[in-house]
Amino acid sequence: MGRKAKFTDGVLIKKGPGRKFKKQKDPIFPKELIKSDESDKKLSSRQKKRQKKREQKATELLEKQKQNKITTKVLKTNEKANLLEQSYSEDSNESIDEEYESGSEEVKLNSKKNKEMRGFSDDNNKWLKPKSGKKIIKRNEDSDEEQDFEDDLNDSEFEEETDEDTETKLENLDDLSDDEIGADQDDFEGDTDIDDVEEKSDSDDLLPIEKQNIKLKRKLKKEQKESEAELQLNIASQETFKFPTKESEEEVKSLQDVQQRIREIIRVLSDFSNLRDSEHSRSEYLEILRKDLCTYYSYNEFLMEKLMQLFPLSELLEFLEASEVQRPLTVRTNSLKTRRRDLAQALINRGVNLDPVGKWSKVGLVIYSSQVPIGATPEYLAGHYIIQGASSFLPVMALAPQENEKILDMCAAPGGKASHIAAVMKNTGVLFANDLNKERIKAVVGNFHRLGVVNSVITSMDGRGFPNLMKMFFDRVLLDAPCTGTGVVAKDQSVKTSKDETDIQRCYNLQRQLLLAAIDSVNAKSSTGGYIVYSTCSILPEENEWVIDFALKKRNVKLVDTGLGFGTEGFTKYRHLRFHPTLNLTRRFYPHEHNMDGFFVAKLRKFSNVIPKSDDSEVEELVEETVDNNIQNVEILLEDTEKKGNNKNKRKFNAASEEEKPGKKQIKFGNSKKSKKDVDFNYDNQKKQTKRNLKNKEHTDIKAKSVQKKQTKLHKANEKNGLVENKKNKLGQVNKKQRLSPSKPVNSETEGLYVKKTIKSKIGKKIDLEDVPVEVGLKMKKKLKNNKKQSFGNLKDKRHKNKLDKRKQK
Amino acid sequence: MKRLSEERTKVLFEKLSKYIGPNIKLLIDRPDGLYCFREQKDRVYYVSENILKLANTIQSENIVSVGTCFGKFTKSGKFRLHITALNYLSPYAQCKIWLKPSAEQQFLYGNHVSKAGLGRISENCDKYQGVLVFSMSDLPLGFGVAARSTAECKLADPVTSVCFHQADIGEYIRSEEDLL
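Residues numbered from 1 in each chain as written. Chains lettered and ligands numbered in written order. Predicted model: local features only at pLDDT ≥ 70, side-chain atom pairs only at ≥ 80, totals over all residues. Heavy atoms only, no water.

An unreviewed UniProt entry annotates chain B as 60S ribosome subunit biogenesis protein NIP7 homolog of Rhynchophorus ferrugineus. In its Sequence similarities (unreviewed entry) section, the UniProt record describing chain B reads: "Belongs to the NIP7 family." Looking at the Subcellular location (unreviewed entry) heading of the UniProt record, one finds this comment for chain B: "Nucleus, Nucleolus". (UniProt positions renumbered as here; feature names shortened; annotations may be inferred.)

Looking at an unreviewed UniProt entry, chain A carries the name SAM-dependent MTase RsmB/NOP-type domain-containing protein, with the source organism given as Rhynchophorus ferrugineus. One UniProt comment on chain A, placed under Subcellular location (unreviewed entry), says "Nucleus, Nucleolus". For the record of chain A, the UniProt heading Sequence similarities (unreviewed entry) holds the text "Belongs to the class I-like SAM-binding methyltransferase superfamily. RsmB/NOP family."

Asks: I tried to follow the overall build of chain A on my own but got confused; where do I start?
Replies: Looking only at helices and strands, chain A features 32 helices and 15 strands. Every one of the 810 residues in chain A was classed for burial, and the buried ones make up 44%. Counting only carbon and sulfur atoms, one obtains 51% of the accessible surface of chain A, whose full area is about 47400 Å². (Helix = DSSP H or I, 4+ residues; strand = E, 2+ residues; numbered from the N terminus. Buried < 20%, exposed > 50% of the residue type's maximum accessible area, 1.4 Å probe, protein only. Areas by Shrake-Rupley, 256 points an atom, 1.4 Å probe, with all protein chains shown as cover.)

Asks: Help me understand the overall build of chain B, please; the structure alone is not making it clear to me.
Replies: Helix and strand content of chain B: 7 helices and 12 strands. When the accessible surface of chain B is totalled, it reaches about 8600 Å², and 50% of it is carbon and sulfur.

Asks: Explanation requested: helix H13 (residues 301-310) of chain A in the structure shown.
Replies: Every α-helix carries 3.6 residues per turn, so stepping three or four residues along brings you back to the same face. Residues and elements named next belong to chain A. Counting buried positions along H13 gives 7 out of 10 residues, so the element sits mostly inside the fold. Every buried residue of H13 is accounted for by Phe 302, Leu 303, Met 304, Lys 306, Leu 307, Met 308 and Leu 310. Where H13 is buried, its residues meet helix H12 (282-297), helix H14 (313-324), helix H21 (495-498), helix H22 (501-520) and strand S12 (573-574). (Contact = heavy atoms within 4.5 Å.)

Asks: Would you take a moment to explain the interface of chain B and chain A for this structure?
Replies: For interface size, the figure often reported is the accessible area lost on association. Residue-level contacts link 30 residues of chain B with 40 residues of chain A. Roughly 2900 Å² of surface becomes buried between chain B and chain A when both sides are summed, with 64% attributable to carbon and sulfur atoms. Linking chain B to chain A there are 1 salt bridge. Between Lys442(A) and Glu177(B) there is a salt bridge whose closest N-O contact spans 3.8 Å. (Buried area = accessible area lost by both parts, 1.4 Å probe. Salt bridge = Lys/Arg side-chain N within 4 Å of Asp/Glu carboxyl O.)

Asks: Please explain the UniProt feature "binding site: S-adenosyl-L-methionine" (unreviewed entry) in chain A as it appears in this structure.
Replies: Residue and element names in this part refer to chain A. Residues given the UniProt feature "binding site: S-adenosyl-L-methionine" (unreviewed entry) here are Cys 411, Ala 412, Ala 413, Pro 414, Gly 415, Gly 416, Lys 417, Asp 435, Asp 462 and Asp 480. Discounting chain neighbours no more than four positions away, the residues touching Asp 435 are Met 410, Cys 411, Ala 412, Ala 413, Ile 441, Thr 459, Ser 460 and Met 461. One polar contact links the side chain of Asp 435 to the main-chain amide nitrogen of Ala 412, over a distance of 3.4 Å. Residue Asp 480 is classed as buried on the basis of its relative accessible area of 16%. (Polar contact = N/O pair within 3.5 Å; in protein donor to acceptor, adjacent residues only side chain to side chain.)

Asks: Is there a simple way to explain unusual backbone geometry in this structure?
Replies: Most peptide bonds are trans, and most residues other than glycine sit at a negative phi. Cis peptide bonds are those with omega within 30 degrees of zero, and the linkage from Ala413(A) to Pro414(A) qualifies with 0 degrees. Structurally, Pro414(A) can be placed in the loop between strand S5 (406-409) and helix H18 (416-425). Not every positive phi belongs to a glycine, and Asp138(B) is a case in point at roughly 65 degrees. With respect to the element layout, Asp138(B) can be found in the loop between strand S10 (130-135) and strand S11 (140-146).

Asks: Sorry if this is basic, but what is going on with the sheet that holds strand S4 (residues 385-387) of chain A here?
Replies: Strand pairing within a sheet occurs via backbone hydrogen bonds; the two strands may be parallel or antiparallel. Residue and element names in this part refer to chain A. Strand order in the open sheet made by the 4 strands is S2-S3-S1-S4, with antiparallel pairing throughout. Of all strands in the sheet, those bounded by a partner on one side alone are strand S2 (352-356) and S4. Strand-to-strand, the axes of this sheet are offset by a mean angle of 35 degrees, without reference to chain direction. In terms of strand pairing, strand S1 (residues 329-333) meets strand S3 (residues 364-370) through 4 bridges, oriented antiparallel. Considered in S3, the bridge of Val 331 is made with Leu 365. Packed onto the sheet, helix H15 (residues 340-349) meets S1, S2, S3 and S4 and runs at close to 160 degrees relative to S2. Contacting S1 and S4, H18 runs over the sheet at an angle of about 30 degrees to S1. (Pairing = 2+ DSSP bridges. Axes fitted to C-alpha atoms, helices over the stretch in contact; angles between N-to-C directions.)

Asks: Mind showing me how you'd approach the pairing of strand S2 (residues 35-40) of chain B here?
Replies: All names here are of chain B. The element S2 is largely enclosed, with a buried count of 6 among its 6 residues. The two faces of S2 match: Tyr 35, Phe 37 and Glu 39 on one face and Cys 36, Arg 38 and Gln 40 on the other face are all buried. Of the strand pairs in this sheet, strand S1 (residues 2-3) and S2 are connected by 2 bridges, and their pairing is antiparallel. Within the sheet, the bridge partner assigned to Arg 3 lies in S2 and is Arg 38. Examined bridge by bridge, S2 and strand S3 (residues 43-48) share 6 bridges and lie antiparallel to one another. The partner of Cys 36 across the bridge, within S3, is Val 47. What sits between S2 and S3 in their antiparallel hairpin is a turn of 2 residues, with Lys 41 showing a positive phi close to 50 degrees.

Asks: Where do I start with the state of the cysteines in this structure?
Replies: Residues and elements named next belong to chain B. For the structure shown, the criterion picks out 1 disulfide over all chains. The thiol of Cys 153 is not disulfide-bonded; the next cysteine sulfur, from Cys 125, is found 7.6 Å away. We classify Cys 153 as buried; its relative accessible area is 3%. (Disulfide = S-S within 2.5 Å.)

Asks: In this structure, what is going on with the pattern of salt bridges? I would like to understand it.
Replies: When charged atoms on two side chains of opposite charge get close, those side chains can pair. Residue and element names in this part refer to chain A. For the structure shown, the criterion picks out 25 salt bridges over all chains. Here Arg 261 makes a salt bridge to Asp 292, at a shortest N to O gap of 2.8 Å. Remark: Asp 292 occurs in helix H12 and Arg 261 occurs in helix H10 (residues 255-270); sequence separation between them is 31 residues. Both residues of the pair, Arg 261 and Asp 292, count as buried. Its salt-bridge partner being Lys 491, residue Asp 597 comes within 3.4 Å of it at the nearest N-O pair. Of this pair, Asp 597 sits in the loop between helix H24 (591-594) and strand S15 (599-606) while Lys 491 sits in the loop between strand S8 (476-480) and H21, placing them 106 residues apart in sequence. A relative accessible area of 55% places Lys 491 in the exposed class. Several salt bridges share partner residues, and in doing so they unite Glu 287, Arg 290, Lys 291, Glu 301 and Glu 305 into one network.

Asks: Could you clarify how one ought to interpret the nonpolar core in this entry?
Replies: Looking at soluble globular proteins, one finds that nonpolar side chains tend to be buried together. Core analysis: the largest hydrophobic core is formed by 77 residues, its most contacted members being Met410(A), Phe432(A), Leu515(A) and Ile548(A). Aside from chain neighbours lying at most four places away, what touches Leu515(A) is Leu479(A), Ile532(A), Tyr534(A), Val547(A), Ile548(A), Ala551(A) and Leu604(A). Membership of the second largest hydrophobic core comes to 60 residues, among which are Ile367(A), Leu27(B), Phe143(B) and Val145(B). (Core = buried A, V, L, I, M, F, W, Y, C linked by side-chain atoms within 4.5 Å.)

Asks: Mind showing me how you'd approach the sheet that holds strand S9 (residues 118-121) of chain B here?
Replies: Residues and elements named next belong to chain B. Reading across the sheet, the 6 strands line up as S8-S12-S11-S10-S7-S9 and stay open at both edges, with mixed pairing between neighbours. Bordering the open sheet on either side are strand S8 (113-114) and S9, each of which pairs with just one other strand. Two strands pair when backbone bridges link them, and S10 and S11 are joined in this way by 5 bridges, in the antiparallel orientation. Along S11, the bridge assignment pairs Leu 132 with Phe 143. Sitting on the sheet, helix H1 (residues 6-20) is in contact with S10, S11 and strand S12 (161-168), with an inclination near 50 degrees to S10.

Asks: Can you walk me through the packing of H22(A) against helix H23 (residues 545-554) of chain A in this structure?
Replies: Each pair of packed helices can be summarised by the angle the axes make with each other and by the distance between the axes. Residue and element names in this part refer to chain A. Contact pair H22 / H23: the axes reach a minimum separation of 10 Å and the direction vectors enclose 40 degrees. Relative to H23, H22 is oriented oblique. Here H22 and H23 pass one another in a crossing that is right-handed. Residues Tyr 508, Gln 511, Arg 512, Leu 515, Leu 516 and Ile 519 of H22 lie in contact with H23, whose contacting residues are Trp 546, Val 547, Ile 548, Phe 550, Ala 551 and Lys 554. Among the residues making up the contact of H22 with H23, the classes are represented as 9 nonpolar, 1 polar and 2 charged. (Parallel < 35°, antiparallel > 145°, perpendicular 65-115°, else oblique. Left-handed = near helix turned anticlockwise from the far one by under 90°. Nonpolar A, V, L, I, M, F, W, Y, C, P; charged D, E, K, R; others polar.)

Asks: Is there a simple way to explain the packing of H10(A) against H12(A) in this structure?
Replies: Residue and element names in this part refer to chain A. Relative orientation of the contacting elements H10 and H12 amounts to 150 degrees, with a least axis distance of 9 Å. Both H10 and H12 take part in a crossing whose hand is left-handed. Of the residues in H12, those in contact with Leu 255, Val 258, Gln 259, Arg 261, Ile 262, Ile 265, Ile 266, Val 268 and Leu 269 of H10 are Arg 282, Tyr 285, Leu 286, Ile 288, Leu 289, Asp 292, Leu 293, Thr 295 and Tyr 296. Grouping the constituent residues of the contact of H10 with H12 by class yields 13 nonpolar, 2 polar and 3 charged.

Asks: Hey, could you run me through the pairing of S12(B) in this one?
Replies: Look at any regular strand and the pattern is simple: side chains alternate between the two faces of the sheet. Residue and element names in this part refer to chain B. As defined by bridge partners, S8 adjoins S12 across 2 bridges and the pair is classed as antiparallel. Each residue of the ladder has a partner; that of Val 113, found in S12, is Cys 163. Both S11 and S12 contribute to a ladder of 5 bridges, which runs antiparallel. Bridge assignment links Gly 144 to a residue of S12, and that residue is His 165.

In C-alpha cells:
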C-alpha cells in the first residue's frame, strides 16, 4: 500500500463528481401541497400584531364558550358540537382557535353565506319555505341517492340526518372546488358516527371523486352486511343435511359441490345421533362419502374403502390432503466422504436454502429452495450426498449396523438405504445389495461407485433364493419389501387408481416369502446381530402388521423396539384381525403427522436357528407324501428327458410346484429320514447322469456335431431339474453334517460351505470329463453349463486326438 | 470372477502406472488385508479377498459388481479406465491439474481442458502423461491425458487444450446405464 507516486505532476486531475454523477432534482409537489406550507412563512410585524390580537380574542372566545355551554345545558340544548358550531357561526368574522383549521373556518364562512342565499333557517323562514327533496336532487348533479334535509329545530344550521346511507350535505356544493380543505381532509373514511361539525365540513370539501369513493365504500359495507346475514340464514338452513336423492345426485357436478357435501356428511357422521336423517343408516352416509371422496381425490373405490377403514374420518381428510402435496426434498450426507457441516456450507455457497432435517438424524438436510439443480452439483457428482426421502433413513437407523458385520439388503435398488448402511459401517465388513430388477440394479452400481462404497457385493437375483445360498450367514438383514406404495401417493399418483384386491394379495404373499427368506438367512447366534428390519412404503395393515404376524408364527423371531424416537405404534388389532400384542413395537409414519412419506418399520430379532415344526403331524405326513410324489414326478420326467429331450411345460410345472411350497420343504428338511432318502435318490440320479454323459461321449466319437447339439439340449433340459436337485443335494449335505455333529449347527454350516469350496477347487483343476468323480457329477454339470464354450473346446480337442490316433494306427 | 491372465495384468498395471506411477504397490500391499484384481465379463474389479471369498458363493451370472470396478478390457485387448476408478486414483495421483470454477462445468460435460480454464498444474508433468483433474476446492472431477507438458503450458495461448478428457464424474448422470 502506501502513498501513490505522483506520476501526473503538473497535470491537474479534475476532482469532484464525474460526468455521470447527477444530483437528483428536488421533488415537485402539487400546488395544493405547497400552498399549505405558506402558513409557515415569516410574518411581517403588522401581521404579528394582528396574530397576537387574534390569539387574545381566541382565548376570550374559549371562555365564552365555556359560559355558553353552561347556559346551553340549562337551556336543554342538544349537543356540545352544535353548541360549538353555534358559537362559531355567531361570531363568524372572528378567527378560530388553533384546534380548528383555518380551512374549516373558511368553510363555515362560505356555508353561512350560502345559507343566506339558499338555505332555510330561522332567520329566513318568513319568506323561504322548505321544499320537497326533488328540487334539491335536481341541483345535485353528482348523485341521485344523496338527499338533504335541513331542520330548523335549532336556530343555526344544525342538521339532522334521517338516513345513514343518504346523508350528505347539499348546501355546500359551491365549495366543492375548495382545494385546500379537500387536501386537509383526505382521511375521511365515511364513518357514520362523526360529529355533525366534521361531517358537514367533510362533505363540504370533498372532490367529486372522493365523494364517489365514500359512496362506494358505503355500498360495499352494506353488501357485506347483507351477505353476512344471508350466510347466517344459509347456515341456519343447512343445520339439517338433506340426504341426496337420485335426482339431486345427478345435479351435483362441480368439485366445490362435492367438497361441500363431503364436509357436511363428515359433520353429520361426527354427531350422528343428533344430525342424522332418520330414514338413512350410517352405512348409507358412508357410501355417499366414499363416492364423493373418490371423485374429489380421484381414488378408486377399493383403495378409498381401505383407507376409510384405516383412518378415523377427521384423520382421513388430513391424510388425503397431505397425500396430494409433495414432501420436502431431503438429502443425506455421505459420511464416507464429507461431514454435514462442510456439505451444508458448500451448498449454501451455491445458493441453496437448507436446514438440518431434525434432531433424530445427524446426516439429513432439508432443501427448501435452490438456484441450481440439486441433483447435478459437483458435490453431488463427487458423491458427497444422495437425494433420499426422510422416511428412508428410518429402516437403516432401526437396523443399526455395526462395523465388520455381514449385512444383506434384499431389495436394494436404487441403493439409497444400502449405501446408508455402508456409510454407517464405514466401509468395513461386507454388504450384499440385491435386487431382482436388472435395470434398476444399474442405479445401485452407479450410486455405490459415486458414493465410494467399496465393501459391497451387488447381485441381481430373486431374494427368496438367499437362504439356499447362504443359510444363516448374515448378521443383519434389511428387507425393504416391494409394496403397493400407498404411503407415497404424492410421489406416484397412479397408485390411487391402479391397485385392487389382487394386487395387495400378490404383494403380501411375496412379502411373506421374502420375510421368511430374510429370517432364514440371518444367523441367530451372531455375536453382534441376529436382527431383521422389515419396512414398506405402504400403510395398509395387510402388507405390514399381518406379514410380521405371519412371520412371528412361522419362525423363532420376536419383535424388538425399533430405536426410533417417534412414529405411531403399529396396530395390535385391525378390524377382524387380532395380531400379536408385541406388534405395538413396530412403528408407522404418516404424511399428515410426521411430514414424511407413509412408512412402516419393524425390527425383529431371531432367537433360534431352529425352524419350528407345525403342530399337526397329519399335515406333515400329507406334505411328505406330496414330496414323494414330486420326487417320483422328477424321476419320470428325467426318463422323459432322456427319451424326448424337451418337455418344458411339465418340467416347469414341477419346478414351480417345488418352489411354491417352501414350508413343506422345510418340514422335509427337519426330517432326517426323508433327507437320507433324498440323498440316496440324488446319488442314483447322479449315476444315471454320468452314464448319460459317457453315452454322449461315445456319440461324439461318431458324430461330433450332433452330439454338441444334443449336449446343449441336455444342459438346457437339465437346467431346472439340476437346480432343484442341487438344492436337495445341499440340504442333504447339511443334514449329514448335522447328524455327525448335532451340537454345532453353526459350524456344520460353515463346514458345508467348505465342502462346497473344495468341490469347486476340484472342478477348477479338472479338465478331463472321464475323470469326474461320481459325487461331483452335479457340480460338474453346473460348471459345464457355465463354461460351455470351454467344454466344447475340450471335446473338439478330444475329437482331434482321436483322429490323430486313428491315423497313427493306420 | 477369475484371476487376470499374465498378459492382462501387465496391460492393466501399465495403464495404472501412467496415472499413479509407483504407487501401484500401495494398492496391492495394504495394511487392512489382502486386495486383488479380479475379472468378470472383461471388467476388472478391485476388491478385498475377504469379500471376494463370500461373493464366490453366488453364481457368477447373478453377480453384477464386487468392490470397485476399475475399467474394462476392450475387444482389441487394451485396457480402458472407468470413472469408477477415481476413488483409488485420486489420492495416489502423480500429476494433477486444478480447474478454475468457470471451467469446471465445461469439463463435467465431457470437454477437454483449455489453457484458459487451467487454475494450477503440478510440476514436471510430462506430455501425454495421465493426469487427475481437480476443482480448486480439491474435489476430484475426473482424469485425462496431458496434452502439454508443464513447461509448454506456461507458454501456450489460452485456447489450446492442455488436457484431453478421458472420464469425468458427470458420467454418473450422463451414462449411468453403461457405467460398467
